[in-house]
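Listed here are the chains, written in short residue letters.
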Amino acid sequence: MARQPIGDVLLKADNISLSFGGVKALSNISFDVREHELAAIIGPNGAGKSSMLNVINGFYHPQQGQITFKGQTRSRMKVHQAAVQGIARTFQNIALFKGMSVLDNLMTGRNLKMHSTMLEQAVYWGRARREELEHRGKVEEIIDFLNLESVRKTPVGRLPYGIQKRVELGRALAAEPSLLLLDEPMAGMNLEEKEDMCRFVLDVNEEFGTTIVLIEHDMGVVMDISDRVTVLDYGRLLAVGTPDEVRNNQEVIDAYLGVAND
Amino acid sequence: MAMPEPSTTAHPPAVGDADTLPKLLLQHARNRPNSPAMREKAFGIWQTWSWAEMADEIRRLVCGLKALGLESGDKLAVVGDNRPRLYWSMVAAQCVGAIPVPLYQDSVAAEMIYILNDADIRFAVVEDQEQVDKLLEVKDRCPQLEQIIYDDIRGLRDYAHAGLLHSIAELQTLGRDYDREHPDFFQHCVAETRGDQFAIMLYTSGTTGNPKGVLLTHDNLVITGRNGVEQEGLTADEEVLAYLPMAWVGDNLFSVTQSYVAGFCVNCPESTDTVMTDMREIGPTYYFAPPRVYENLLTQVIIRMEDASAVKRKVFHYFMEVARKFGSRILDGEQVDFMDRMKYRIGNALIYGPLKNVLGFSRIKLAFTAGEAIGPDIFEFYRSLGINVKQLYGQTEATVFICVQPNGQVRADTVGVPAAGVEVKISDDGEVLYRSPGVFHSYYKNDKSTRSTKTEDGWVLTGDAGFFDDEGHLRIIDRAKDVGKLTSGAMFAPKYLENKLKFFPQVKEVVAFGDGRDFAAVFVNIDLDAVGNWAERQNMAYTGYTDLAARPEIAKMVRECVEKVNADLAEDSRLSASQIRRFLILPKELDADDGELTRTRKVRRNFIAERYEDLVNALYDSRSAVDVDLEVKFEDGRTGRLLAKVEIQDAEVYGVTELRKAG
């Protein structure tokens, strides 16, 4: 089984505009993400990358425009509905349960798939037991996939930053998402950690066929691994295209390197 | 050169008495099909294969390899961590008469080229993408490499190398089809294997020149393995953890051969990072590790204890003192007072037991250390906890065993008596020679080396200098070429003295002189961390290494170390002549940048003798102090001068009225 070919449009953003009071975070942004694609959103600080991600998973509600996911145009929705629809994400500043073990953190990612009641779980009987075993099996696959065996039972708070990031990716994967949003997965990492993370992101895409939207401001990383890149600057859409197209786009170069104003 | 193997003493009635590994496999599969043969932790759970299941897996591998074209006499490389399927493919290769060649999994691609070509590797069975990438990288320069078979498919789905790359699963599917068409093939193959066939080829690390391929036969492995099993009383109920490199001869003997002979279960850890956890879960009964593993574990324990509360620390230190006094003696079955025995029991309940449990040492019956000298403190620590750690002396060329310490006669500074079936003698110039059923057949494609290592009548030259002490235990003292003589004719082994002194934490490096001189004398480098720490606690101000090294307090401290070594040496008739009479503390740390150490931090004795010629002379004339003027190189490449006054110290020597001749 090789990498799955890029398919139809999975997610479509239409004319999205978002402002906080007088600050225009996003203005008239349109782009799409296709199935099994590895798409990146890049831009300098304050370009609106994280806002865009928050719009996609329903945390922010744009004043204008709409998001279409799996062919359904969404109206104002609650955050948890995004998860139900199959969108999972990681955060720029790690948001794990620090006192819980890696294993338990990953198990929380399975929450949506658990159907047994609290009472059943308390006595660990019947359906609860069956489910627990099934989910643990799935989580073990992810532990194996992300090479987390040696820290399986370690409380997350005791792990180095790079590993915590990986645990967070693992928790998102545990939900078996069809769309995975990664908010600066390589931020603050050293070169080796970055390379590892790139490998894992590519492997996720290849192995599970997960569609991935990645925010990153490290250009090198993005250009190497993405299929398509969307560039934002001050809430505006600068360019969309393959890494090569974007690299040679004059506006992008200006935004990153600055323009001489005389 | 082929040589008739010396016959061994009567065969023991072991569980498996066949003469090759494949035959042993089938014997176990027939006699005890449901006993566990191998475990691997995967997805958080220990998965078990019984002997029958393992034989079945290997059967499919044999047929698959045959279907891919592996022939008798071919070489099959095995590269990866300790994975069951890699172990199986080694035995599978042996079934068709091919020779498995395990490689160190951490060698870089360029290092592999030499071995791949030297061994004429046609097939390679590797663990994962990392190893596949390395082999593909060097494929152009290794034209004879035809097939690469991998265990873990992750990341390899998109590799387009049809006909070259196969997964083990594919291979086994091929094997199943082949087996269906040739149902007698496997049994026939196994029946054809003979004890005098080559079973494995292992490359020696080769500190000088290129590595050499050591060819071992099934007889070498099986007879040596069986002798060990019998001597140590190993049974089919042992548990071992296979975590040392597969390319190391020890892993092949302990985790493969002895398991096949005695029928015990081998456990493969989940990954290299989880060895500690896996060890605790399995609780091996039979264990082996190089000294550095024991050292690391001890360091971890000590560090954790430093962080513990004051009460816990007190209790820990009290009972460790009890253990130090009585632990080894109890282990060796000596007489110990009832009260002291009781104290040790309480210590066992409170400290030693839980500690051993955390380290995964609770069930250990026998633990080996080998490879290099182990610090006496480390060695004693484990023995005092009641863990039967023993030293063994071995070589790839001997299929591991040359000497082993017998139970109850374990000393920190000997390597024991000749192992079962092994004869050991010392040549006239002090080199250790041995002859055993484990003596290797030859070096692959290197008759010259074979001839210079192995004599016509089967004795192998180890290159190590040693002697049997008064109790009949072998002591290895140095590489033979470094051993010299004092003017009195007494043996002088510089490395032996150096190591003995280096076991003191205050001492970092030592350079010993004495060859062709009247007595032994040493240069000492103090350990700036350890000694500096001590100086701070004494409220002693110092500006740096040179300053500290010149202090009389430090000289006194080093003299105590030297005199302890002398007292030790005096107990042995052959070494008492090389007691250290004079020493000095070097005004600078020996440094690889100045060419005084090799990059692996070994002292370059001759270079140092030249560079510090005046200091060496001062050791042997009656001067009590010397002024030195040295050129030193800083890390940034600049050079500077170092001016210092170095005092020469005298040390007490013990019990030598006259220098005895070495006999």
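Residues numbered from 1 in each chain as written. Chains lettered and ligands numbered in written order. Predicted model: local features only at pLDDT ≥ 70, side-chain atom pairs only at ≥ 80, totals over all residues. Heavy atoms only, no water.

Peer 1: So what's going on with the overall build of chain B? Which residues, and what values?
Peer 2: Each helix and strand counted, chain B has 21 helices and 28 strands in total. Expected size for 663 residues packed as a compact globule is a radius of gyration near 26 Å; at 27 Å, chain B falls within 12% of this value. If you line up chain B on its principal axes, its C-alpha atoms span 85 × 60 × 50 Å. By residue count, 56% of the 663 residues in chain B fall in the buried class. Across chain B, contacts joining residues at least 24 apart in sequence account for 64% of those joining residues at least 6 apart. As displayed, chain B has an accessible area near 28800 Å², and 49% of this comes from carbon and sulfur atoms. When the 77 positive and 100 negative side-chain charges of chain B are each reduced to one mean point, those points stand 3 Å apart. (Helix = DSSP H or I, 4+ residues; strand = E, 2+ residues; numbered from the N terminus. Rg over C-alpha atoms; globule rule 2.2 N^0.38 Å. Buried < 20%, exposed > 50% of the residue type's maximum accessible area, 1.4 Å probe, protein only. Contact = heavy atoms within 4.5 Å. Areas by Shrake-Rupley, 256 points an atom, 1.4 Å probe, with all protein chains shown as cover. Lys, Arg positive; Asp, Glu negative; His and termini not counted. Charge placed at Lys NZ, Arg CZ, Asp CG, Glu CD.)

Peer 1: Just give me the short version of the packing of aromatic side chains, but keep the residues and values in it.
Peer 2: Residue and element names in this part refer to chain B. Taken as a whole and assessed by the stated rule, the structure comprises 27 aromatic pairs over all chains. Members of the aromatic cluster, each reached through a chain of ring pairs, are Trp-248, Phe-254, Phe-264, Tyr-286, Phe-288, Phe-368 and Phe-401. A cation sits over an aromatic face here: Lys-425 above Trp-459, 4.3 Å from the ring centre. Directly above the aromatic system of Phe-440 lies the positively charged group of Lys-454, at a separation of 5.3 Å from the ring centroid. (Phe/Tyr/Trp six-rings, centres within 6.5 Å; stacked < 30°, edge-to-face > 60°. Lys NZ or Arg CZ within 6 Å of the ring centre and 35° of its normal.)

Peer 1: Can you break down a negative patch on the surface residue by residue, with the values?
Peer 2: All names here are of chain B. Together, Asp-106, Glu-111, Glu-130, Asp-133 and Glu-137 make up a negatively charged patch on the protein surface. The dominant element in the negative patch, judged by the number of residues it contributes, is helix α5 (residues 129-138), at three residues. Looking at where Asp-106 falls in the secondary structure, it is placed in the loop between β4 (99-103) and α4 (109-118). Its relative accessible area of 62% is what places Asp-106 among the exposed residues. (Patch = residues over 30% accessible without salt bridge, like charges linked within 9 Å, V, L, I, M, F, W, Y side chains within 5 Å. Salt bridge = Lys/Arg side-chain N within 4 Å of Asp/Glu carboxyl O.)

Peer 1: Which residues make up the pairing of strand β5 (residues 121-126) of chain B, and what are the values?
Peer 2: Residues and elements named next belong to chain B. Across the six residues of β5, six count as buried, placing the element largely inside the fold. Relative to β5, strand β3 (residues 75-79) runs parallel, the two being bridged by five bridges. Bridging across to β5, Leu-76 finds its partner in Phe-123. As paired elements, β5 and strand β6 (residues 147-150) share four bridges and run parallel to each other. Along β6, the bridge assignment pairs Ala-124 with Ile-148. (Pairing = 2+ DSSP bridges.)

Peer 1: Requested: an account of the environment of Gln144(B), with residues and values cited.
Peer 2: Residue and element names in this part refer to chain B. Here Gln-144 is to be found in the loop between α5 and β6. Considering only alpha carbons, one finds Gln-144 and Ile-121, 23 residues apart in sequence, at a separation of 6.6 Å. Once residues lying within four places of it in the same chain are set aside, the contact partners of Gln-144 are Leu-116, Asn-117, Asp-120, Ile-121 and Arg-122. Among the polar contacts made by the side chain of Gln-144, one reaches the main-chain carbonyl oxygen of Leu-116 at a distance of 2.9 Å. (Polar contact = N/O pair within 3.5 Å; in protein donor to acceptor, adjacent residues only side chain to side chain.)

Peer 1: Now, about a nonpolar patch on the surface: what can you tell me, with residues and values included?
Peer 2: Among the surface-exposed residues, Phe338(B), Met339(B) and Met342(B) lie close enough to one another that they form a single nonpolar patch of about 340 Å² accessible area. Within the secondary structure, Met342(B) sits in helix α13 (residues 338-359).

Peer 1: Talk me through the layout of surface pockets; I want residue IDs and the actual numbers.
Peer 2: Within this model, the second largest pocket holds a volume of roughly 1700 Å³. If you go around the second largest pocket, you meet 47 residues; those closest to its centre are Asn147(A), Glu127(B), Asp128(B), Asp152(B) and Arg154(B). Counting residues per element, the ones that place at least two in the lining of the second largest pocket are α5 (127-145), α6 (161-174) and α7 (191-208) of chain A together with β1 (36-42), β2 (45-50), α5 and α6 (168-181) of chain B. A per-element tally of the lining of the second largest pocket places α7(A) first, with six residues. The residue makeup of the lining of the second largest pocket, split by class, is 13 nonpolar, 10 polar and 24 charged. (1 Å grid on protein atoms, 1.4 Å probe; cavity = no way out; pocket = protein on both sides within 12 Å on 5 of 7 lines; lining within 4 Å. Points joined across faces, edges and corners; volume = space filled by probe spheres on them. Nonpolar A, V, L, I, M, F, W, Y, C, P; charged D, E, K, R; others polar.)

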